[in-house]
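Listed below, chain by chain, are the residues.
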Amino acid sequence: MKHNTYSSNIISQHDSKSERGYGKVWDVVFDTLLEQRSISKVLEIGVGGASSHISWAHLFPLAQIYGVEVSSPVVHQQMKALREYTAKLENGEWRVEQMLNSQQGFLAIQEQPLEIRERIHISWMFDAFDIELVQRYIDIHGNMDIAINDSKHRHYVPVETQHWLPIVGNTGVWFQEEFASTESNGFKPSVWQEIYNENWRLFDFRQISKFQGQCSMLGMYTHNQQILETVDKELDYLQYKA
């Protein structure tokens, strides 16, 4: 079967993701899901400039698109004073850039046609590492068909965000982008060894990625047996071999 839902329809705003090669996995997974049912709810953790959320809204025209972002799209009018203040904080300059990025994302969503922007739901100032907050979020919004973690790119993230996994229920799919990887230090195999079970798969794009190849690892978690069997059959060549 030819799988191409993602690759055939992706818009230019998703360049960095497509350059990593992740579409090879998403084509197989999305098409397998669509054979089972419609894709109606998609979550991506980490919003930034909102290019991903806009892309998902275009790719899945019947889906509600959700996002959570630790920063705020409201930027203090006195940027000079704000920079001086945050310079005193740990990662202060980075926090300012996050806010500016969130503002760009907020505006990008508002610039979309009404039919697109009304399907994108962002929770700003949301700490994705707060277990109690995440449980409340799941209680409110229910299960997602697809959930993608594109929050911090740090080695510890797959371990410290496992409280999100119930959001995909028994049939949805969770993806961890840049799995246990950083641009500067690459992939950390011990993290994979720590969390691996029969519901996890790890895809290694380091040799074929055109963007930040050293950290292009994509983790996938699901209880959907058809998806697990399909990726094992069709994407074995991409799977990480410990």
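Here the residue index of a chain counts from 1 through its sequence in written order. Under the rules for a predicted model, residues below a pLDDT of 70 receive no local features and side-chain atom pairs below 80 are neither given nor counted, while totals for whole chains, interfaces and linings still include all residues. Side-chain measures here rest on the full set of heavy atoms in the structure, leaving out hydrogens and waters.

## Things to note about the pairing of strand 1 (residues 41–45)
- The buried count for strand 1 comes to 5 of 5 residues, which makes it a mostly enclosed element.
- Alternating residues of strand 1 divide into Lys 41, Leu 43 and Ile 45 and Val 42 and Glu 44, and every residue in both groups is buried.
- In short, DSSP must find at least two bridges between two strands for them to pair. Comment: elements are numbered from the N terminus, with helices defined as DSSP H or I runs of at least four residues and strands as E runs of at least two. Where strand 1 and strand 2 (residues 64–69) come together, 5 bridges link them in parallel fashion. In the sheet register, Ile 45 faces strand 2, and the bridge partner there is Val 68.
- Consider the strands pointing away from the viewer: the crossover is right-handed when the path from the first strand over the helix to the second runs clockwise. The parallel pair strand 1 and strand 2, bridged by helix 4 (residues 51–59), forms a crossover whose chirality is right-handed.
- In the sheet, strand 1 pairs with strand 4 (residues 146–149) via 4 bridges, with the strands oriented parallel. Bridging from a neighbouring strand, Val 42 pairs with Ile 146 of strand 4. For each residue, the accessible area found with a 1.4 Å probe, counting protein chains only, is set against the maximum for its type, and the residue is called buried under 20%, exposed over 50%, and partly exposed in between.

## What to know about the packing of helix 3 (residues 23–36) against helix 11 (residues 225–234)
- Between helix 3 and helix 11, the shortest axis-to-axis distance is 10 Å and the interhelical angle comes to 140°. Classified by the interaxial angle, the pair formed by helix 3 and helix 11 is oblique. The handedness of the crossing between helix 3 and helix 11 comes out as right-handed. Facing helix 3, whose interface residues are Val 28, Val 29, Thr 32, Leu 33, Glu 35 and Gln 36, helix 11 presents Gln 226, Ile 227, Thr 230, Val 231 and Glu 234.
- Charged residues are taken to be Asp, Glu, Lys and Arg, nonpolar residues to be Ala, Val, Leu, Ile, Met, Phe, Trp, Tyr, Cys and Pro, and polar residues to be all remaining types, Gly included. Along the lines of polarity and charge, the residues of the contact of helix 3 with helix 11 split into 5 nonpolar, 4 polar and 2 charged. Lines are fitted to the C-alpha atoms to define the axes, a helix being fitted only along its stretch in contact, and any angle between axes, read from their N-to-C directions, falls within 0 to 180 degrees. To sort the angles, those under 35 degrees are grouped as roughly parallel, those over 145 as roughly antiparallel, those from 65 to 115 as roughly perpendicular, and the leftovers as oblique. Each helix crossing is assigned a hand: it is left-handed if the near helix lies turned anticlockwise from the far helix by less than a right angle, otherwise right-handed if that turn is clockwise. Contact between two residues is taken to exist if any of their heavy atoms lie within 4.5 Å; hydrogens are not considered.

## Let's talk about unusual backbone geometry
- Backbone geometry at Met 125 places phi at a positive 55°, although glycine is not the residue there.
- Here Met 125 lies in the loop between strand 3 (120–124) and helix 8 (131–141).
- Here Met 125 falls in the exposed class, since its relative accessible area comes to 63%.
- At Glu 178, a residue that is not glycine, the phi angle is positive and equals roughly 50°.
- You can see Glu 178 is positioned in the loop between strand 5 (173–177) and strand 6 (181–182).

## Quick word on the layout of surface pockets
- Definitions used for this entry: grid spacing 1 Å over protein atoms alone; cavity, a set of points where a 1.4 Å probe fits but cannot get out; pocket, an open set with protein on both sides within 12 Å along at least 5 of 7 lines; lining residue, one with an atom within 4 Å of a point. Grid points are joined across faces, edges and corners, and a volume is the space filled by probe spheres set on the points. Approximately 980 Å³ is the volume found for the largest pocket.
- Every residue lining the largest pocket is counted, 40 residues in all, and those nearest its centre are Gly 46, Gly 48, Asp 150, Ser 151 and His 153.
- Elements with a contribution of two residues or more to the lining of the largest pocket: helix 2 (15–20), strand 1, helix 4, strand 2 and helix 6 (92–110).
- Residue contributions to the lining of the largest pocket peak at 5 residues, all from helix 6.
- For the lining of the largest pocket, the per-class residue count stands at 11 nonpolar, 17 polar and 12 charged.

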